[in-house]
Amino acid sequence: MDTFLIKAVQLILALSILVIIHEFGHFVFARLFGVRVSKFYIFSFPVGKERVIMKWRPKKYFKWFSTALNTAEKPEEKKEESPKAIPQAAIEATTSEAKPTAIEVNSPEENLDTDESKEKESFWNGTEYGIGFIPMFGYCDIDGMVDESKGSELLEKPAKKWEFRTKPAWQRFLIMFAGVLFNFLLAILIYAGIVYATGEKYVPFEKARMGMAYSGEAQKIGFKDGDIPLYADGEKLDNPNEARMKMIQASSVTVLRDGKDTVEIAIPEKFIFALDQEAKSDTATIAFLTYRFPARITQVMPGEGAAKAGIQTGDEIIAVDSVLTPTLLGFMKTLQGHENQEVKLSVARKNGEASDTLLVPVKLSETSKMGVALEIDPSAFYEAKEIKYGFLQSVPKGINMGTERLTSYAKSMKLVFTKEGAKSMGGFGALGSIFPERWDWIAFWNIVAFISIALAFMNIIPIPGLDGGHILFLLFESVTGIKVPVKFMEVANTIGLGLLILLMIYVNGMDIVRFFFK
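To keep things clear, this report deals only with the structure shown in the data block. (Residues numbered from 1 in each chain as written. Predicted model: local features only at pLDDT ≥ 70, side-chain atom pairs only at ≥ 80, totals over all residues. Heavy atoms only, no water.)

1. Quick notes on the pairing of strand β14 (residues 316–320)
Consecutive side chains along a regular strand alternate between the two faces of the sheet. Test applied: The buried label goes to any residue with under 20% of its type's maximum accessible area, the exposed label to any with over 50%, and the partly exposed label to all in between, with areas taken from a 1.4 Å probe on protein chains only. Secondary structure elements follow DSSP: runs of H or I no shorter than four residues count as helices, runs of E no shorter than two count as strands, and numbering proceeds from the N terminus. Only strands that DSSP links by at least two bridges are regarded as paired with each other.
With respect to burial, β14 is a largely interior element, four of its five residues being buried. Taken together, the two bridges between strand β13 (residues 295–300) and β14 define a ladder with antiparallel strand orientation. Bridging from a neighbouring strand, R296 pairs with E316 of β14. Of the pairings in the sheet, the one linking β14 to strand β16 (residues 342–351) comprises four bridges and is antiparallel in character. Looking at β16, one finds that E316 is bridged to A348. Where β14 and strand β15 (residues 323–324) come together, two bridges link them in antiparallel fashion. If you follow V320 over to β15, its bridge partner there is V323. Counted along the chain from β14 to the antiparallel partner β15, the turn is two residues long, and its residue D321 has a positive phi close to 50°.

As structure tokens, this is what we get:
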């Protein structure tokens, strides 16, 4: 499958899951507080008429390939039928004391949306469920609430007790906050599931005897190859997977240099943008930092230069033409530029407990390759820390991971309002690029969890049109005791939605600009 298609499928699937979970949060809390939800649609958007694959109303109807309107459907007029067309079961029901038959209850033409029936609705009944044709979208139509799908004219009728507007402010607050909450809980659930299924395995910084290798931008601000990170703003660093962002967002990082001296390195506020630009360049080989370890052969390809020269699995290359290459990265850099040439490799080969050093001439290909595979797992060289999580242990770990990533994301948001931040913003293209080129379920769910946290944070921003805008109005009401006028909310939502549309155009436009003007 094409790389672009794999990334696109992952992006669509991820966003579809997140939108459904977000809207389901609103649905659950609305129904818990007795608020009626007219529609719960996935893969659909509440604008004008909408085509749906199917729609279903419990105990009423089930339709395929129908056209659903945004507003509540008008009851269909009953057609007069001849007595011969009336089912025998219905005739018997009218002359007996038996309860109404299924024919009456399930008829799609029966109008059961009376005030009395609405009051007696169960948790799931009373809602029309549908599936549309537009992935990544969905909505929850809550009765008595002004949002992007309906304005104040729909609320001119007398308020009903099952409507959103009649509920206490704290209940309305929780209904609006529920989407954000469910996205955050989903991230926690995913992280807990990942650590439960795979555990954790990493080489602690202190165990990496050769230290870390740093990118060019990192070296510009004071890092040196071989430095071992110790602290970020006084917080001890251990797990590289968690330490990377902490180091980037810190004011200063303390490292151990040459195995004896501690050095404090100041981190510029916009360091993350320099790393981002570096990562996008064609010459980048390191994303900020990586482990340093020897160039060890794990496989020799038959018939290639290394095999012909007698290179063996397990050999470690320590020099190329007398140029020392103690690390894998050093070896790869030194080997470049020797197309179709013969080089003399100094190779350390194990001989029992000792090692022999051999000088081996190897003919390289036209791309400076010698036909070997190299070890890239740092745990093959250093003592790794491995943690297995039981079910009960995985939940607190998931909460911790979710909280840390939410905090990290919130810290990085302040940079969005800088010139560099505005330029670095991206839309669906940038989002899709973070997915792996090959399908990897662990990587996929890790990214889904991260996007879920980002979606939760973005939705809580107090902009009208987002959940945060509704929450802002509710907080104002709770503090002052004054309800925000419906007309004002309608205008504010329209303006907010317009700004969000402009933002979407901008960020996706930046994706296009970056694609054509790399």
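Having seen the structure, we can now continue with the description.
2. What about the packing of helix α1 (residues 3–32) against helix α14 (residues 441–460)?
Counted only if it meets this: All axes here are fitted lines through C-alpha atoms, helices being fitted over the stretch that makes contact, and every angle between N-to-C directions spans 0 to 180 degrees. Any angle between 65 and 115 degrees counts as roughly perpendicular, while under 35 counts as roughly parallel, over 145 as roughly antiparallel, and the rest as oblique. Definitions for this section: a left-handed crossing has its near helix turned counterclockwise from the far helix by less than a right angle. A right-handed crossing has that turn clockwise. In this description, contact between two residues means that some pair of their heavy atoms is separated by no more than 4.5 Å. For this scheme, ten residues count as nonpolar: Ala, Val, Leu, Ile, Met, Phe, Trp, Tyr, Cys and Pro. Four count as charged, namely Asp, Glu, Lys and Arg, and the remainder, Gly too, count as polar.
Taken N-terminus to C-terminus, the directions of α1 and α14 make an angle of 50°; their axes are 10 Å apart at the nearest point. When the interaxial angle is binned, α1 and α14 end up oblique. When the axes of α1 and α14 are compared, the crossing they make is right-handed. Contacts between α1 and α14 involve Q10, L13, A14, L15, I17, L18 and H22 on the former and, on the latter, F444, W445, V448, I451, S452, L455 and N459. Among the residues forming the contact of α1 with α14, the class breakdown is ten nonpolar, four polar and no charged.

3. Focus: the nonpolar core
For clarity, the threshold we go by: In this text, buried Ala, Val, Leu, Ile, Met, Phe, Trp, Tyr and Cys residues form a nonpolar core when linked through side-chain atoms within 4.5 Å.
Counting residues in hydrophobic clusters, the biggest one holds 44 residues, and the most contacted among them are F223, F288, I311, L345 and M370. If we ignore the near neighbours within four places in the chain, the residues touching F223 are Y214, A218, M247, V253, V255, R257, I265, I267 and F288. Counting residues in hydrophobic clusters, the runner-up holds 21 residues, among them I188, V195, I447 and I453.

4. Some thoughts on the packing of helix α11 (residues 391–413) against α14
In contact at an axis separation of 10 Å, α11 and α14 are set at 55° when each is read in the N-to-C sense. By the angle between their directions, the pair α11 and α14 is classed as oblique. α11 and α14 meet at a crossing whose hand is right-handed. Residues G402, R405, L406, Y409, A410 and M413 of α11 lie in contact with α14, whose contacting residues are F450, I453, A454, F457 and M458.

5. Details of the pattern of salt bridges
What counts here: Salt-bridge detection follows one rule: a side-chain nitrogen of Lys or Arg within 4 Å of a carboxyl oxygen of Asp or Glu.
Summed over all chains, the structure comprises 15 salt bridges. Notably, a salt bridge pairs K220 with E217, separated by 3.1 Å at the nearest N-O pair. Remark: E217 and K220 occur in helix α6 (residues 216–220); sequence separation between them is three residues, near one turn of the helix. D315 serves as the salt-bridge partner of R349, at 2.8 Å between the closest nitrogen and oxygen. Highlighted residues: R349 in strand β16 and D315 in the loop between α9 (305–309) and β14, separated in sequence by 34 residues. Accessibility classification places R349 together with D315 in one group, the buried group. Salt bridges linked by common partners bring E200, E242 and K397 together as one network.

6. Looking at the sheet that holds strand β10 (residues 252–257)
In spatial order, the strands read β9-β8-β10-β11; together these four strands make up an open sheet with antiparallel pairing. This sheet does not close on itself; its edge strands, each paired only once, are β9 (235–236) and β11 (261–266). Two strands pair when backbone bridges link them, and β10 and β11 are joined in this way by six bridges, in the antiparallel orientation. Paired with L256 across the bridge in β11 is T262.

7. Concerning the packing of aromatic side chains
How two aromatic rings sit relative to each other is given by the distance of their centres and the angle of their planes. The condition that has to hold: Note on ring pairs: Phe, Tyr and Trp rings are taken, using the six-membered ring of Trp, and paired if centres are within 6.5 Å. Classes follow the plane angle, with under 30 degrees stacked, over 60 edge-to-face and the rest tilted.
Scanning the entire structure with this criterion turns up 30 aromatic pairs. Ring centres 5.6 Å apart and planes at 75° place the aromatic pair F271 and F288 in the edge-to-face group. You can see F271 sitting in helix α8 (residues 271–280) and its partner F288 sitting in the loop between α8 and β12 (289–291), a full 17 residues away along the chain. Across the pair, F288 and F271 agree in class, each one buried. Pairwise contacts between aromatic rings join F24, F27, F29, F33, F40, W56, F123, W124, Y129, W170 and F182 into one cluster.

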